[in-house]
Structures are given as C-alpha cells and as structure tokens.
Amino acid sequence: MMIATSGYFLVSVSLIAALYTALVAWLNAAPHKGKRDGNVVPQRYGLPYGPR
Amino acid sequence: MILLGTALLLLLGAFLGNQYQIRYVAEHANRSLPFYLKFSAVWAGQEGSLLLWSFLQALFTALAVGRPSEEVRPLARWATVFLSLITAFFVGVTLFLSNPFATLSPAPSDGMGLSPLLRHPGWFSTPLPCTWATWAWRSPLHLLWQHSSADKWTSGPA
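Calculation rules
- Counting restarts for each chain, with residues numbered from 1 along the sequence as it is written.
- Here every chain gets a letter starting at A, and every ligand a number starting at 1, in the order they are written.
- The predicted origin of the model limits local features to residues at a pLDDT of at least 70 and limits the giving and counting of side-chain atom pairs to 80 or more, whereas totals for whole chains, interfaces and linings rest on all residues.
- We count a stretch as a helix when DSSP gives it H or I for four or more residues in a row; a strand needs E for two or more, and each element gets its number in order from the N terminus.
- Field definition: a residue is buried when 20 or more other C-beta atoms are found within 10 Å of its C-beta, exposed when 12 or fewer are, and partly exposed for counts in between, with C-beta atoms placed from the backbone.
- Helix span is expected to be 1.5 Å times the residue number reduced by one.
- By the convention adopted here, residues make contact when the C-beta atoms placed from their backbones lie within 7 Å.
- Classes in brief: Ala, Val, Leu, Ile, Met, Phe, Trp, Tyr, Cys and Pro nonpolar; Asp, Glu, Lys and Arg charged; the others, Gly included, polar.
- Joined through C-beta atoms within 7 Å, a set of buried Ala, Val, Leu, Ile, Met, Phe, Trp, Tyr and Cys residues constitutes a nonpolar core.
- Axis definition: a line fitted to C-alpha atoms, limited for helices to the stretch in contact. Angles are taken between N-to-C directions and run from 0 to 180 degrees.
- For this classification, under 35 degrees means roughly parallel, over 145 means roughly antiparallel, 65 to 115 means roughly perpendicular, and everything else is oblique.
- In a left-handed crossing the near helix is turned counterclockwise from the far helix by less than a right angle, and in a right-handed crossing that turn is clockwise.

Undergrad: Is there a simple way to think about the overall build of chain A in this case?
TA: Along its length, chain A carries 1 helix and 0 strands. A total of 52 residues make up chain A; the buried ones form 17% of that total.

In structure tokens form, the structure reads like this:
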C-alpha cells in the first residue's frame with residue numbers, strides 16, 4: 001500500500017510540475033505587452049502618443 | 001523527469017516485491033515469474049507503458065530544452081511550453097484514466113502472470129521500449145534540429 005500511495009503521489013506531483021513548467025515557460029516566451037516601467041504604451045513601439 | 005523516474009522504479013519495486021495488492025502487478029506477474037521477466041512486466045500493459053512513455057517524454061524534453069544552444073534559444077522557450085504540455089497530457093492520462101498504482105481489495109495471493117508473447121527475449125526487450133524511446137527522442141530533438149537547419153536554408157549562401 002505504501003508503494004501505491006507513493007506512486008500515486010509522485011505521478012500527481014509530476015502532472016503539477018509539468019503544467020507549472022509549461023505555464024512559466026509560456027509567461028517567459030510570450031511578448032511583454034502593456035505596463036512596463038510605469039508606461040502603459042511600451043516605448044519600443046515608438047508611438048508618439050500615450051501616457052508618460 | 002526525476003519524479004516520473006522514481007515512480008517507474010517504485011512500480012518495478014512492486015513487481016520485484018510481489019505486491020499483488022496493486023492491480024497492475026497482479027494482472028501482469030505471478031510468483032513463478034523469473035526475475036529478469038519482472039522488468040519487462042513493467043511495460044507489459046497499458047498503464048505501465050504510459051508511465052514509461054511519460055518518463056521518456058519528460059527525459060528527452062529535459063535533454064532537448066534544458067541547455068539550449070544559442071542557435072535554438074529563441075525557439076527553446078516555446079518548445080518548453082509545448083513539450084511540457086505534451087508531457088502533462090501523458091501524465092494526466094496515466095493518472096486519471098490508466099493508473100498503474102490502482103489497488104485491489106482484497107489483495108490476491110498470487111498474480112495472473114505475464115503474457116506468453118512477452119516471455120520471448122526478442123519481444124520483451126526490443127520492440128516496445130525502443131519504439132517509445134525513438135518516439136520520445138525524435139519529437140523534441142527533431143523540432144529543435146529542424147528549426148536550426150531551416151534557418152540555414154533561409155539565410156542563403158554564406
């Protein structure tokens with residue numbers, strides 16, 4: 001019973017770890033949009049307007 | 001990867017220790033099964049096969065995107081996303097639909113034994129793990145290799 005419980009636990013944690021890895025990688029891979037350094041419009045787009 | 005490898009070792013330990021309260025062990029082994037055949041019993045059924053597949057997928061994903069070269073670094077993050085989701089899919093199927101650690105109550109005193117097909121050395125050793133290893137190896141590495149070679153094609157002559 002100990003093996004079954006441990007195995008079930010390990011597979012469950014593996015699922016959470018895989019989903020967490022995917023989420024963190026997604027957040028790192030996705031382009032950063034929106035607020036950065038206090039500016040709503042990112043400066044790299046070179047837009048002449050927008051809040052400073 | 002480490003967690004799934006440990007789970008796989010636990011399942012092997014259950015076979016070696018004749019833990020017949022685990023349904024998968026009771027369905028694919030018995031007390032008269034030789035020691036070396038208990039290794040092949042780990043992937044004798046769907047549940048163990050999926051656990052092995054999940055482990056290989058996680059292993060080769062870690063190898064492919066763990067330390068990406070500069071050439072493939074831009075793709076490595078997205079590759080991590082999709083390969084982790086594929087791994088999560090396999091682990092989810094293993095956990096919710098085909099759990100190798102499901103138990104029986106009351107536990108039988110002996111198991112049902114291994115399929116006669118898997119007793120042949122050629123069948124128990126070569127096809128199944130090699131097929132899965134090839135599949136798991138190919139999927140992440142081919143993705144990254146394809147990306148780098150595509151860059152060379154489109155960049156034109158040096």
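Undergrad: Whenever I open this one, helix α1 (residues 2–29) of chain A confuses me. Can you help?
TA: Given 3.6 residues per helical turn, the α-helix brings residues three or four places apart onto the same face. Spanning 28 residues, α1(A) covers 40 Å between terminal C-alpha atoms, matching the ideal 40 Å at 1.5 Å per step. Among all positions of α1(A), only A:Ala4, A:Gly7, A:Leu10, A:Val11, A:Ser14, A:Leu15, A:Ala18, A:Thr21 and A:Ala25 are buried. Packed against the buried residues of α1(A) are α1 (2–16) and α5 (73–96) of chain B.

Undergrad: Whenever I open this one, the interface of chain B and chain A confuses me. Can you help?
TA: Quoted interface sizes are often the accessible area lost when the parts come together. Counting from both sides, the interface comprises 26 residues of chain B and, opposite them, 21 residues of chain A. Of all elements in the fold, only α1 and α5 of chain B reach the threshold of two or more residues within the side of chain B that touches chain A. Per-class residue counts for the side of chain B that touches chain A are 14 nonpolar, 11 polar and 1 charged.

Undergrad: What am I meant to see in the nonpolar core here?
TA: One broad rule of soluble globular proteins: the nonpolar side chains tend to lie buried together. In this structure, B:Ala7, B:Leu11, B:Val25 and B:Leu52 are the most contacted members of the largest nonpolar core, which totals 42 residues. Taken together, the elements giving at least two residues each to this core come down to α1 of chain A together with α1, α2 (23–28), α4 (46–65) and α5 of chain B. When residues of this core are assigned to their parent elements, the largest contribution, 10 residues, is made by α4(B). Not counting chain neighbours up to four residues away, the residues in contact with B:Ala7 comprise A:Gly7, A:Leu10, A:Val11 and B:Leu51.

Undergrad: Sorry if this is basic, but what is going on with the packing of α1(B) against α4(B) here?
TA: Residues and elements named next belong to chain B. For the pair α1 and α4, interaxial distance at closest approach is 9 Å and the crossing angle is 150°. Between α1 and α4, the angle is such that the two are roughly antiparallel. Read as a crossing pair, α1 and α4 show a hand that is left-handed. Residues Leu4, Gly5, Ala7, Leu8 and Leu11 of α1 form the contact with α4, whose own contacting residues are Gly48, Leu51, Leu52, Ser54, Phe55 and Ala58. Residues of the contact of α1 with α4, tallied by class, amount to 8 nonpolar, 3 polar and no charged.

Undergrad: Can you help me understand the packing of α4(B) against α5(B) in this one?
TA: Each packed pair of helices is defined by two parameters, the angle between the axes and the distance between the axes. Residue and element names in this part refer to chain B. Interaxial distance between α4 and α5 falls to 9 Å at its minimum, and their mutual angle equals 170°. As judged from the angle between their axes, α4 and α5 are roughly antiparallel. On the side of α4, the interface is formed by Leu50, Leu51, Trp53, Ser54, Gln57, Ala58, Thr61, Ala64 and Val65, while α5 contributes Ala76, Ala79, Thr80, Leu83, Ser84, Ile86, Thr87, Phe90, Val91, Val93 and Thr94. Looking at the contact of α4 with α5 residue by residue, the classes come out as 13 nonpolar, 7 polar and no charged.

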